[in-house]
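The primary structure of each chain is shown beneath.
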Amino acid sequence: MKYILIVLVFLFSLSCAFPHYPKKYEKLAVFSNDTVKDISINVLPNNQLKIQYLGCGNLLIKHKNESILLDPFFSNNPSIKTSLGKIKFNPIYFKKGSSFIHKFGTNFKDISTVFITHSHYDHLLDLAYLLDKDSLNDLVKIYADESTRTVIQHFIKKTSFLNADSFVFKNNEIPKWIYINSEMRMLIIPSSHAPHLGKLHFMKGNTDSLYFKNFTNSTQKISANQFKEGHTFAFILDILQADTIAFRVLIKGAGCKINNGRISDEILKEHGIDLAVMQIASANYTDCYPQNLLAQIKPKQVLITHWEDFFRPYAPNKIKTVRATNFAYFFKKIKTIEGVWPVKKLSDQFYMPKPGTMVIYEF
Ligand SMILES: [Zn+2]
């Protein structure tokens with residue numbers, strides 16, 4: 001009887017990590033089925049930053065007429081193909097993702113800059129297609145590491161590829177801000193990637209140039225395991241007004257290990273983090289994320305990304321949570337820092353958008 005009880009308790013606790021509809025978080029208003037969500041932070045007239053969540057780490061960020069894209073990925077593939085077979089670009093899901101972007105009046109050609117957090121397939125597979133089909137404009141700039149360059153080596157044509165490693169912020173050095181325009185700048189900061197399951201950390205290291213020499217058609221089948229992580233980055237995005245920082249966003253493309261991903265105090269002294277965009281996928285397998293980072297940066301708002309099961313068809317109405325991630329544990333870890341960063345009501349600080357949702361931050 002005792003053993004049956006232990007097994008039942010074990011299965012119950014494990015079940016929180018199985019994909020399920022986020023009913024609990026819908027009740028708590030952390031998740032909703034809205035396609036537009038307005039969040040106000042110190043509102044001044046006409047100050048808006050729009051972040052459209054496109055699934056996984058894929059974000060379209062808009063300020064006035066400027067559009068930037070992070071981690072382009074729409075092509076969900078079944079887990080069996082990801083682990084044992086080969087994955088491929090999915091035209092149906094790409095079309096669905098494109099329709100989300102078009103719905104709010106943006107075209108891929110409007111995007112001036114693309115940033116890649118790391119080189120796993122679920123952060124860049126559709127970038128190969130966008131370049132291969134000339135869907136991005138000729139002047140677009142891509143900031144990523146050499147592992148990403150290896151993946152897209154056959155598709156970089158007129159587009160300008162910039163090695164993100166040469167812009168990475170190093171303590172005691174002058175930050176190399178990337179000015180997207182006079183009101184928008186980005187800083188690349190070093191980060192790390194959490195293990196995927198327990199202590200298992202898949203697809204580490206750099207991509208193999210020889211393997212991707214054969215990736216000449218962006219729609220061909222390819223092994224997901226060959227998309228090695230490369231270097232993992234986080235980003236700080238500033239919206240500037242009259243030479244001062246009006247709004248600051250931290251964007252994390254992966255749950256980080258140990259204390260990697262701490263933001264330099266010098267940078268934080270200049271201006272705090274208004275919004276933290278944080279991934280939840282695999283956050284359970286680090287002892288410090290997200291609580292240590294949140295305790296340090298104390299953001300006004302948190303946007304939770306990479307939260308849905310990307311091994312399923314791209315269907316926002318049948319959405320389920322990402323596998324192997326216990327959401328209750330994620331929030332439990334946050335509770336441990338309530339003396340430093342109190343959360344009275346989850347929905348006051350956290351939002352988990354449905355793919356396609358345009359989240360508007362007014363500041
Ligand atoms: Zn990854």
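For the structure itself, look to the data block above.
A quick note: this is a predicted structure, and the numbers were derived from the prediction, not measured.

Honestly, the environment of His-20 in this entry has me stumped. Any pointers?
Examined against the element boundaries, His-20 turns out to sit in the loop between α1 (2–15) and α2 (23–27). Of the residues examined, His-20 has 14 C-beta atoms within 10 Å and is grouped as partly exposed. Along the sequence, His-20 and Ile-273 sit 253 residues apart, while their C-alpha atoms lie 31 Å from each other. Residues within four places of His-20 in sequence aside, it is in contact with Lys-320 and Thr-321.

Looking at this structure, how should I read the sheet that holds strand β5 (residues 111–115)?
Hydrogen bonds between backbone atoms are what pair the strands of a sheet, whose relative direction is either parallel or antiparallel. Ordered in space as β1-β15-β2-β3-β4-β5-β6-β7, the 8 strands form an open sheet in which the pairing is mixed. Each having just a single partner strand, β1 (36–40) and β7 (160–163) make up the two edges of the open sheet. Ignoring strand direction, the axes of neighbouring strands in this sheet form an average angle of 20 degrees. Two strands pair when backbone bridges link them, and strand β2 (residues 48–53) and strand β15 (residues 358–362) are joined in this way by 5 bridges, in the antiparallel orientation. Along β15, the bridge assignment pairs Gln-52 with Met-358.

Quick question: what am I supposed to make of the nonpolar core here?
One recurring pattern in soluble globular proteins: nonpolar side chains tend to sit buried together. Grouped together as the largest cluster of nonpolar side chains are 94 residues, with contacts concentrated most on Ile-188, Phe-235 and Ile-304. With residues near it in sequence (within four places) discarded, Phe-235 still touches Phe-115, Met-186, Leu-187, Ile-188, Ile-189 and Ile-251.

Would you take a moment to explain the sheet that holds strand β10 (residues 233–241) for this structure?
With mixed pairing, the 7 strands of this open sheet are ordered in space as β8-β9-β10-β11-β12-β13-β14. Whereas interior strands pair on both sides, the edge strands pair on one side only; in this sheet they are β8 (178–181) and β14 (350–351). Bridge analysis of strand β11 (residues 244–252) against strand β12 (residues 275–279) gives 3 bridges, and the strand direction is parallel. Counted as the bridge partner of Leu-250 is Ala-276 from β12.

What's the story with helix α5 (residues 125–132) in this structure? I'm lost.
In an α-helix, one full turn covers 3.6 residues, which means residues spaced three or four apart are oriented alike. Of all 8 residues in α5, 7 are buried; the element is thus mostly enclosed. Buried residues of α5: Leu-125, Asp-126, Leu-127, Ala-128, Tyr-129, Leu-130 and Leu-131, and no others. Asp-134 sits one or two positions beyond α5 and adopts a positive phi of about 55 degrees.

Could you clarify how one ought to interpret the pairing of strand β6 (residues 141–144) in this entry?
Moving residue by residue along a regular strand, the side chains alternate between the two faces of the sheet. As paired strands, β5 and β6 are joined by 3 bridges and run parallel to one another. Counterpart to Val-114 in the pairing with β6 is Ile-142. Crossover β5 to β6 through α5 is right-handed. As judged from the 4 bridges shared by β6 and β7, these two strands associate in the parallel manner. If you follow Ala-144 over to β7, its bridge partner there is Asn-163. Following the backbone out of β6, through helix α6 (residues 146–151) and into the adjacent parallel β7, one traces a crossover that is right-handed.

How should helix α4 (residues 91–103) be read in this particular structure?
If you check α4, its first and last C-alpha atoms are 18 Å apart, about what 13 residues at 1.5 Å a residue would give, namely 18 Å. Among all positions of α4, only Tyr-93, Phe-94, Lys-96, Gly-97, Phe-100 and Ile-101 are buried. Along the axis of α4, the buried positions cluster into a sector of 160 degrees, meaning they face one direction only. In α4, the exposed positions that point more than 90 degrees away from the buried face belong to Pro-91, Ile-92, Lys-95, Ser-99 and His-102. Where α4 ends, the next residue or the one after it, Gly-105, has phi of about 80 degrees, a positive value.

Got a minute to help me understand unusual backbone geometry in this structure?
Note: most residues except glycine have negative phi, and most peptide bonds are trans. Residue Pro-290 is reached from Tyr-289 by a cis peptide bond, and omega for that bond is 5 degrees. Turning to its location among the elements, Pro-290 is positioned in the loop between β12 and α9 (291–297). Phi at Asp-71 takes a positive value of approximately 45 degrees, unusual for a residue other than glycine. Mapped onto the fold, Asp-71 is located in the loop between β4 (66–70) and α3 (79–83). By the C-beta count within 10 Å, which is 27 here, Asp-71 ends up buried. Of note, the phi angle at Asn-172 is positive, near 70 degrees, even though the residue is not glycine. Within the secondary structure, Asn-172 sits in the loop between β7 and β8.

Conventions and cut-offs
Residues numbered from 1 in each chain as written. Predicted model: local features only at pLDDT ≥ 70, side-chain atom pairs only at ≥ 80, totals over all residues. Helix = DSSP H or I, 4+ residues; strand = E, 2+ residues; numbered from the N terminus. Buried ≥ 20, exposed ≤ 12 C-beta atoms within 10 Å, placed from the backbone. Contact = placed C-beta atoms within 7 Å. Pairing = 2+ DSSP bridges. Axes fitted to C-alpha atoms, helices over the stretch in contact; angles between N-to-C directions. Core = buried A, V, L, I, M, F, W, Y, C linked by C-beta atoms within 7 Å. Right-handed = clockwise from strand over helix to strand, strands pointing away. Expected span 1.5 Å × (residues − 1). Arc of directions from axis to C-beta.

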